[in-house]
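# A look at the structure
Letter by letter, the chains look like this.
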Amino acid sequence: MLHRVIPLVSALALAVALPAAAAETGSAAAGDPVVARVNGKELHRSDVEAAQKSMGPQVQQMPLETIYPLLLDQMVNGMLVTEAGRKDKLDQDPEVKRRLAKVEDRLVQEAYIGKLVGQQASDEKLKERYQQFLKENP
């Protein structure tokens, strides 16, 4: 029985994670076709590509065409599971809200650090630091 439950749990985890990764990209470019519609919400090809990039290195190295049907299916399933959870008002559950706030805090932290690093790192500054490193470490 356990050998049947583990793949199901893994598939559900993937189904939940992939739409979240795809949502990060946002995509309405002309060369980015809609590949699925789920109850009025669109999935674009770039969403599937972003989902692949959010997965482990082995999956990232595979040609997209090889895993495209599976990724798209998992993303659609994830959207349906999310929709069902929202219908049951699970997005209003205090524990879910608490966890969402933590995820939001992490994203804000990452964005802030990325902004600071972007402001601090220029090609010229990196070259200067590299030259300094070379002088200090002959």
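Calculation notes
Residues numbered from 1 in each chain as written. Predicted model: local features only at pLDDT ≥ 70, side-chain atom pairs only at ≥ 80, totals over all residues. Heavy atoms only, no water. Patch = residues over 30% accessible without salt bridge, like charges linked within 9 Å, V, L, I, M, F, W, Y side chains within 5 Å. Areas by Shrake-Rupley, 256 points an atom, 1.4 Å probe, with all protein chains shown as cover. Salt bridge = Lys/Arg side-chain N within 4 Å of Asp/Glu carboxyl O. Helix = DSSP H or I, 4+ residues; strand = E, 2+ residues; numbered from the N terminus. Core = buried A, V, L, I, M, F, W, Y, C linked by side-chain atoms within 4.5 Å. Buried < 20%, exposed > 50% of the residue type's maximum accessible area, 1.4 Å probe, protein only. Contact = heavy atoms within 4.5 Å. Lys, Arg positive; Asp, Glu negative; His and termini not counted. Polar contact = N/O pair within 3.5 Å; in protein donor to acceptor, adjacent residues only side chain to side chain.

## Topic: a nonpolar patch on the surface
Together, Y112, I113, L116 and V117 make up a nonpolar patch on the protein surface, roughly 390 Å² of accessible area in all. Assignment of secondary structure puts Y112 in helix α5 (residues 94–120).

## Some remarks on the nonpolar core
By size, the foremost hydrophobic cluster in this structure holds 14 residues, and its most contacted members are L43, V48, L71, L72 and V76. Going through the elements one at a time, β1 (34–38), α2 (45–53) and α4 (64–87) are the ones with two or more residues in this core. When residues of this core are assigned to their parent elements, the largest contribution, eight residues, is made by α4. The contacts of L43, once residues within four sequence positions are left out, are P33, V34, V35, A36, L72, M75, V76 and M79.

## Some points on the side chain of D47
Position of D47 among the secondary structure elements: in helix α2. No salt bridge is formed by the buried D47; the nearest opposite charge belongs to K53, separated by 11 Å. At a separation of 2.7 Å, a polar atom in the side chain of D47 contacts the main-chain amide nitrogen of H44.

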